[in-house]
Structure formats: structure tokens, C-alpha cells
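Structural overview
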Amino acid sequence: MAYKHWLGAWSKAITALGAQYTDLALRKLIPKALTLSSSAQLSAINLKLERKISDIYNELRLVKQAEITIKQSEIRYRAIVEDQTEMIARYLPDGTLTFSNQAFALYFGRSLEELLVSRDQPMILKADRERVTEFVALISADNPVVIIEKRLLLEGKVRWTKWHNRMIFDEQGCFLEFQSVGYDITDFKQIEETLFQEKELAEVTLQSIGDAVLTTDAFGRIKYLNPVAKSLLGCSETSAEGLLLEEVFGIVHEATREKVQNPIEQALQSNRTVNLAKHTVLINQINQEIAIQDSAAPIRNREGEVIGAVMVFRDVTQNRKLSRQLSWQASHDALTGLVNRQEFEQQIEQALCLAKLDLQVHALCYLDLDHFKIVNDTCGHLAGDELLRQITVLLQEKIRKTDTLARLGGDEFGVLLSQCIPEQALRVANDLLSCVQEFRFLWQDQAFSIGASIGLVGIDTNSESLTEIISRADAACYTAKNRGRNRVYVAETNDQEVLQQRGEMQWASRISQALESDWFCLYVQPIAAITPATQNGDYYEVLLRLHDEQGNLVLPMTFIPAAQRYDLMHLIDQWVIRTLFKNLSRVVGDKQSIYAINLSGSSINDDQFMDFLYEQFALYSISPQCICFEITETVAIANLSKAKQFIQSLQRMGCRFALDDFGVGMSSFAYLKSLPVDYLKIDGSFIRNIVENPVDNAIVTAITQISNVMGIKTIAEFVENDAILERITALGIDFAQGYGIGMPRPLG
């Protein structure tokens, strides 16, 4: 309101001044007019007076117009001030308000009259008063404007405000009062606080994460590095800021050492997220090589314009090293360091492809060590492992760098001879055989001779598949073993021996399928007592049969060799026992019959087999007295002490035991004294011709007499007619088995 009073006073002053001036002028002219003697002088004075009055009135009119203009300006100024959303106020140094606009009054919730007699100091939050006072004190003629942010307490709530404070001076430069223009920034402060918290959270997160984070501007110049990025790059944020990324971030391919394109540059150019190529190595500022993995993405503003890029990368040196180790372990044998079967088969596949595409000729040697088991059993697995390592060194010395030596498992090795014609391949195979034959393995003052059996097959355009190649090589190796070991056997097309061995390999997979699909079935053949009071109850031998895919019945000798070779016999034995016991548990009133079960050498040597038997007897409540186990003389002789221990364990359970195919061994009687068996089954080769052949008759007579002395019951196999039955009855044999006694029939 101050300017309004000033304008009014000024207008009145001008009006008064004009009136006074008129009065003075007239007073001077009136005496002169009274002293004039002539009318001419009076007219001149009158004219002069009129002019003077006209000038005065003109001046007064101008003053009046100025007053109106000032009043209009005041109205316009007032309208402008009142229409402002900002708060406007003027106040004296002691804080007394001299003017405020409507926005100011509304904000503080008071009328203009109340504000004009108040001071704003009590409204300021106590915590900010000292700071505001210090800022106000900074206002001076040299520093007439000061911006202050302060908190106000309004209706019990704290509000943030921002004020532009300036000093007001008159025309002479004398200080009149302060003017403040302010606005509420509470929402802005809340946003600012939220942004600060988010920024602080982002900063703490970036400082804490294990990945390196780096940002650049749109030109690829570094703006930010987190601690991990500084560490990996080998530089500080200060030294790197503003530099182009490529100046501190040099990356190359770890194998080729070729320079790799900067991912930030790619992201900025393509305007999309970019992943770093695999096998990339960072060479940092201190020349350390660090395997890294990263991704880079452009940073965009609200309008979608690219304003920079961010890259996240991590040290994967250990991961990559571990990955290489795992990859190596997946393709190599840990003991010898040679490639393993899986990797070897892949290389054979590649050789086969080259043979068909480029007409190349290769060869495959399948090598199986002889007498390795002796070393393992005699000296232990440590010795066996050392033997394999030394053999590996020997074999590597005999092949070319282009050839591949692999350990296929156990004591089996494979050699892929690349681009090697048959004649040359045979020479290499013989060299390998000779070096193994000449080698002497020494272990703790013991020396062992080690031989090898090698199967050799060619790989050319006529080769069918990987499976066929390996199958032929394996079969050729097995043929070399069957022919006396320590030799090379070359597999030829339509080789009957190899075909037979391959047939056994095929049977191995079919046996596994038969066990899973229950293709096996059990038959029984009666064993008749032929002497009075030999035994109460029936006696049967349990026989195994197989139904093939077409439902045809397959005899054991078709698949048993394959099962023996590929260590499947213990699984077959378990299937037979489990199936027989399950069937016997359903039979009522058959408590005196005896069932003879054939066991393989695999089961005898299996330490867990006895636990399996105990479990099955308990599960099906089968009396051990009803079960007689049979093993062949050959199996018993192979491990006499183990066989004796096995027989005694079964007899303690209550089971009976029979020695099958007796008489075929060279020292049958000597071994018989060591085996506490209940029954002796005389081999059928002596029984079949006993009537016509006096030698067979003499052998059977001797076996029968010795068995009687030892208290062992005898069983004659292959009793096919009455003549044979009459002869063995006369010799005093206790039991007879064969087609002349009874044909095999399905169990149950």
C-alpha cells in the first residue's frame, strides 16, 4: 500500500502547487492592473493574465492526466501482483510486513490485515531460523539478491519453500525495504528425497555387487565406474573419466589374440543390447589378462534418444578355467590323460565321414591287455593304475601325432590310425603288440609280463557306421584272445569268427532287454532216484529259456556265452532265483521237493550275492532245505578257496550243493577232496556212450566208487534210454537225469 499513498501525495502536491502558483501570479498582476492609466495597458495586462492562466490550467491538466496514468498503473501493477501464483511480500528489516499479495495470504491462511501487523519469523521452523538469519545477513548493496530455502510450520505440518530475497532502493540509492518472492517446493523436495534415496540405493548396490559396471556418454566416453570395474580395469574413476572406453578396455580373443570390437561401440551403433563374444580376454591397464563375460546396452532418455550406454562385465577366469577342466574331464580319462571312449567315438565318426567324402582310408586298433587282472589281484589297484600309466607311455611312443590313443575302459585301449592303409596299419599294430610283450612291469620286487590281444579293422567307404566299426574291432580283439592271446587279428569282410563275436555283442543288449521285459522263462527237468530209499520227494533241475522278439523259444547255449562275456550272468542268476522263489511261494503242500539252481562264477565272486539270497529266502518264506545250488567243476576250480567258502556258507543256511559236469577237469579227484558238496553230477559226455565205450564205463565206475567212499550222492546226466539207465543202476549211481527219464517242462 506504500506506493498508493505515495502516488496520492504526489498528486495532491502537484494540485496544491498549481493553485499556489496561480494565486501568486494573480497577486502580482492585480496591483499592476489597478495602477494602469490607459485601457491599452489594461488590455495588454489582461491578455498577459489570460495567457498565464491558460498556461497554468494546461499544466494542471497535464498533472491531472499524470495522476490518472499513475492510478491506472497502480491498478495494473496490483492486478499483476495479485494474479501471481508465487507469494510476494515486502517487509522491513525487523520483519514487519508492509505488503503481501493474495497468494501469500492464502498460503499462510491469514487475512492481509493480519499479515501487515505480523512478522514471519515465528512461522519459520526453529531448526532453520539460524540458517535463514545468516543468509539474510548476506544481503547488501553489493549482494542485493539472496535465494533461501526454508521450512515453515503451517497448521502443524512442515512445508518447504524457496524465496528470492532482494533489497529495494529509492532513486537516490537509499534502502527502503526487502522484497521476497517465494513458492512451495514441498512436492519437489519429496521427489528430490525419493530420487536421492533411489540414487543412494543404486550407488550402494553398484558399489556392493560383484559385477563390474561402467557407463559412458553417447560418444563412448567413460562417465562412471563402480569399484569392481576399477579393479578389473586397473585404473581409478578419476583417471578414466572422460576417456574413450577403448583407451582403457582392450579385449582380444583368448585363442587367436585378434582384437574384439568394443561392446559399448556396438550397442551405441546398433541401438540394442549386445553380448560380448565368447572366449574374450580383457587386457587391463596393468597388463593383466582377465577372462570376462559382459553385455552392453544403450541408455535412452524419455524421448527415446540414446544418451549413453551401460556395460556390465564380470571376471570369469576361474569359471572358464573350471569349464575347460570339466570339458577336458568329459573327454579324457583321468588316470592316463588319454581321450575317453566318448571322445574317441566322435573322432571315429569324423574319420568315417572323411573316408566317405574324401575317399580316405583309416584303421582302428582295439587293444586288450592280457594278465592285467593278475597284477590287480596280486598287487592291488595302485599297481594296476601304475601299469596302465606306463602302458600308455609305451603306446604313445609307437604312434604318430596324427593318430589318437584312447583308453576305452578297464584294460582296453583304442588307437585310431589316421590316413593309414591296411598294410601300414598292420605294421603299427604289430609294433604295439611287440612293445607290450617286451615290457616288464616291476612292482615291489615283483616282475610281471604283460601281453595284449589286438583287433584291427579298416575304415573306408565300405564301412557302414560307428557302431559297426567298433563292433567289428571288439569282436576281432575277442577273436585274438580266443586264438591264444598275444596276437593281432585283422577283421575281414564276412569273417565268420568276427560275425560270431558280433552276434554275442548283439545278444548282450538283447539279454538286458529280456531282463527288463521279462522275456525269460523257467523250465524244470526231473531227476529220478534209481536206488532204493535214495531220497524222499521229487528232485528237479531248474532250466532257463528265453522267448525272443518273435516269441520263439531260445536255448541257453545261444545267449549264455554273451552273458558270460559281458558280465550279465549274475543278473540272470538273480532273476532265476527271484522268479523260482516267487512261484514256489504260491505252491501249497510241496515241502519235500528239491529244486536245483545253476549258479555262475559271477555270483560266487559277488560279495553281495549272499545278502541277496538271505533277502529272497526271507521275502518268500522258502525253506533252504528245498534248494540245491549247482556250480560247474570249471567254475569251482577257477577259485577253489572262494568256492569252498561259498559252499560252506550255503550249507550253513541249510541249502544243498552239487558239483556239475564232473570229470572234465584234469585233476577232478584232487579238487573233489577240497569241496564239501552233497551231489556229484557226472558229465554227460561219459554217460552218453557208457554202454559201448569201456573207458567211459571205467571212468564212471571210478567216480561212483570214490563218491560212495566220500558219502557224496551221484547223478548221471544224459540218460537217454533204458540201456544207459540199466548200466548206471548196476554201477550204483543214485540219480538219473535225461530225456529217458523226463523231458523239460515249464515251471508251474
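Each chain has its residues counted from 1, running along the sequence as written. Only residues with pLDDT of 70 or above have their local features reported here, since the model is predicted, and side-chain atom pairs are shown and tallied only from 80 upward, although totals for entire chains, interfaces and linings are computed over all residues. Here the side-chain values reflect all heavy atoms present in the structure, with hydrogen atoms and water set aside.

Before going further, it helps to spend a moment on the overall build of the chain. Segments assigned H or I by DSSP are reported as helices when at least four residues long, segments assigned E as strands when at least two residues long, and all are numbered from the N terminus. Each helix and strand counted, the chain has 26 helices and 30 strands in total. Remark: exposure states derive from per-residue accessible area (1.4 Å probe, protein chains only) relative to the maximum for the residue type, with buried under 20%, exposed over 50%, and partly exposed in between. Here the chain, with 748 residues, has 42% of them falling under the buried criterion. Contacts are assigned to residue pairs with any non-hydrogen atoms lying within 4.5 Å of each other. Partitioning the contacts of the chain with sequence separation of at least 6, the portion at a separation of at least 24 is 59%. Total accessible area computed for the chain in this model is approximately 40,900 Å², and 53% of it derives from carbon and sulfur atoms. Residue-level accessible areas treat just the shown protein chains as cover; the underlying method is Shrake-Rupley with a 1.4 Å probe.

It is worth spelling out the pairing of strand β20 (residues 520-526) at this point. Looking along a regular strand, one sees the side chains alternate between the two faces of the sheet. Among the seven residues that make up β20, six are buried, leaving the element largely enclosed by the rest of the structure. When DSSP locates at least two bridges between a pair of strands, those strands are taken to pair. Across two bridges, β20 lies against strand β30 (residues 745-746) in antiparallel orientation. When the sheet's bridge partners are listed, V524 is paired in β30 with R745.

What follows concerns the pairing of strand β27 (residues 679-682). Burial along β27 is two-sided: the residues Y679 and K681 and L680 and I682 are all buried. When strand β26 (residues 656-662) meets β27, the two strands line up parallel, connected through three bridges. In the strand pairing of β27, A658 is matched with Y679. The pairing of β27 with strand β28 (residues 713-716) spans four bridges and is parallel. Residue pairing for β28: Y679 is matched across the bridge by K713.

As a further point, take the pattern of salt bridges. Throughout this description, the term salt bridge denotes a Lys or Arg side-chain nitrogen within 4 Å of a carboxyl oxygen of Asp or Glu. Tallied over the entire structure, the rule returns 25 salt bridges. The closest approach of N and O atoms between E254 and R320, which form a salt bridge, is 3.7 Å. Of the two residues, E254 sits in the loop between β8 (250-253) and α9 (263-270) while R320 sits in helix α10 (residues 317-331), which places them 66 residues apart along the sequence. When its relative accessible area of 25% is taken as the criterion, E254 is described as partly exposed. Close ionic contact of R257 with E289 constitutes a salt bridge, the shortest N to O distance being 2.4 Å. Taken together, the residues span a long stretch of sequence, with R257 in the loop between β8 and α9 and E289 in strand β11 (residues 289-300) at a distance of 32 residues. Classification of R257 as partly exposed rests on a relative accessible area of 38%.

Glancing now at the nonpolar core. The nonpolar core is taken to be a set of buried Ala, Val, Leu, Ile, Met, Phe, Trp, Tyr and Cys residues, with the residues joined through side-chain atoms within 4.5 Å. Ranked by size, the top nonpolar core spans 68 residues in total, and within it L580, I627, F629 and I728 carry the most contacts. Per element, the largest residue contribution to this core is eight residues, and it comes from helix α18 (residues 569-584). Residues in contact with F629, not counting those within four places in the same chain, are I577, I597, L599, L613, L650, C655, R656, F657 and A658. Counting 36 residues, the second-largest nonpolar core is a separate cluster that includes A383, F413, V436 and W443.

Another aspect to go through is a nonpolar patch on the surface. Taken together, F669, I706, V709 and M710 make up a surface patch of nonpolar side chains, about 360 Å² in accessible area. Within the secondary structure layout, F669 lies in helix α23 (residues 668-672). For F669, a relative accessible area of 36% gives the class partly exposed. Distance thresholds for patches are 9 Å for like charges and 5 Å for nonpolar side chains (Val, Leu, Ile, Met, Phe, Trp, Tyr), applied to residues having over 30% relative accessible area and no salt bridge.

Before going further, it helps to examine the sheet that holds strand β15 (residues 412-417). Read across the sheet, five strands follow the order β14-β15-β13-β18-β19 without closing on themselves; strand pairing throughout is mixed. Only two strands of the sheet have a single neighbouring strand rather than two, namely β14 (404-409) and β19 (487-490). Along the sheet, successive strands turn relative to each other by an average axial angle of 20 degrees, direction set aside. Helix axes are fitted to C-alpha atoms over the stretch in contact, other axes to C-alpha atoms as well, and angles between N-to-C directions run from 0 to 180 degrees.

Now for the environment of T704. Counting through the fold element by element, T704 comes out in helix α25 (residues 694-710). The class of T704 is buried, set by a relative accessible area of 1%. As a C-alpha pair, T704 and I682 span 22 residues in sequence and 8.9 Å in three-dimensional space.

Right, let's talk about the environment of A476 for a bit. Considering the arrangement of structural elements, one finds A476 in helix α15 (residues 466-482). Assessed through its relative accessible area of 0%, A476 is described here as buried. The sequence separation of A476 and V490 amounts to 14 residues, and the corresponding C-alpha distance is 6.6 Å.

Turning our eyes to something else, we now look at the packing of aromatic side chains. By convention, a stacked pair of Phe, Tyr or Trp rings (six-membered ring in the case of Trp) has centres within 6.5 Å and planes under 30 degrees apart, an edge-to-face pair has planes over 60 apart, and any other such pair is tilted. On inspection of all chains with the given rule, the structure shows 20 aromatic pairs. A ring pair is formed by F169 and F175, whose centres lie 6.2 Å apart and whose planes are at 70 degrees; its orientation type is edge-to-face. Among the residues examined, F169 registers a relative accessible area of 32% and is labelled partly exposed. F175 gets classed as partly exposed once you look at its relative accessible area, which sits at 32%. A connected cluster of aromatic rings, assembled from ring pairs, spans Y91, F169, F175 and F178. Both a distance and an angle decide whether a charge sits over a ring: NZ of Lys or CZ of Arg must be within 6 Å of the ring centre and within 35 degrees of the ring normal. We note K189 situated over the ring of W160; from NZ or CZ to the ring centre the distance is 4.6 Å. A cation over an aromatic ring shows up here: R545 above the ring of Y523, its NZ or CZ 5.6 Å from the ring centre.

With that settled, consider α18. An expected span of 1.5 Å times one less than the residue number is assigned to each helix. Helix length check: α18 (16 residues) gives 22 Å between terminal C-alpha atoms against 22 Å at 1.5 Å per residue, within 8%. Within α18, burial applies to M569, I572, D573, Q574, W575, V576, I577, T579, L580, F581 and L584.

So, about the packing of helix α12 (residues 372-379) against helix α13 (residues 381-397). One can describe the packing of α12 onto α13 by two numbers: an axis separation of 6 Å at closest approach and a directional angle of 145 degrees. Seen from α12, the contacting residues are F372, V375, N376 and C379; seen from α13, they are H381, A383, G384, L387 and L388.

What follows concerns the sheet that holds strand β4 (residues 157-169). Strand order in the open sheet formed by five strands is β2-β1-β5-β4-β3, and the pairing between neighbours is antiparallel. The outermost strands of the open sheet, each flanked by one partner alone, are β2 (97-100) and β3 (145-154). Across this sheet, the average inter-strand angle for adjacent strands is 30 degrees, counted without regard to direction.

Time to look at the state of the cysteines. Any two cysteine sulfur atoms within 2.5 Å of one another count as a disulfide. Under the definition given, this model contains zero disulfides. Of all cysteine sulfurs, the one in C655 lies closest to C628, which takes part in no disulfide; the gap is 8.8 Å.

To continue, consider unusual backbone geometry. Most peptide bonds take the trans configuration, and most residues that are not glycine carry a negative phi. Residues other than glycine seldom take positive phi values, yet R485 does so here, at roughly 65 degrees. Positionally, R485 belongs in the loop between α15 and β19. Judged by relative accessible area, R485 falls into the partly exposed class, the value being 37%.

At a closest axis distance of 12 Å, the pairing of helix α20 (residues 609-620) and helix α22 (residues 640-653) adopts a crossing angle of 15 degrees. Classified by the interaxial angle, the pair formed by α20 and α22 is roughly parallel. The crossing of α20 and α22 is right-handed. From α20, F609, M610, L613, Y614 and F617 reach across to α22, where they touch F646, S649, L650 and M653. Split into classes, the residues belonging to the contact of α20 with α22 amount to eight nonpolar, one polar and no charged. Angles are sorted into four bins: roughly parallel if under 35 degrees, roughly antiparallel if over 145, roughly perpendicular if 65 to 115, and oblique for all others. Should the near helix be turned anticlockwise from the far one by less than a right angle, the crossing is termed left-handed; should it be turned clockwise, right-handed. Under the grouping applied here, Gly and all other residues not named as nonpolar or charged are polar, the nonpolar ones being Ala, Val, Leu, Ile, Met, Phe, Trp, Tyr, Cys and Pro and the charged ones Asp, Glu, Lys and Arg.

Here we take up the confidence of the model for the chain. A residue's pLDDT is the predictor's confidence in that residue, given on a scale from 0 to 100. On average, residues of the chain score 84 in pLDDT, and 89% of them are at 70 or above. Of all the helices and strands in the chain, helix α1 (residues 2-35) carries the lowest mean pLDDT, 48, while β15 carries the highest, 95. Low pLDDT, under 50, characterises residues 1-18; the predicted model gives this stretch 17 contacts beyond four residues in sequence or across chains.

Counting along the chain gives 24 residues from R257 to V281, while the straight-line C-alpha distance between them is 8.7 Å. Beyond its immediate stretch of four places on either side in the chain, R257 contacts V252, I283 and E289. Polar contact is the term for a pair of N or O atoms within 3.5 Å; when the atoms are in protein, one must be able to donate a hydrogen and the other to accept it, and sequence-neighboring residues count only if both atoms are side-chain atoms. A distance of 2.4 Å separates polar atoms of two side chains, one belonging to R257 and the other to E289.

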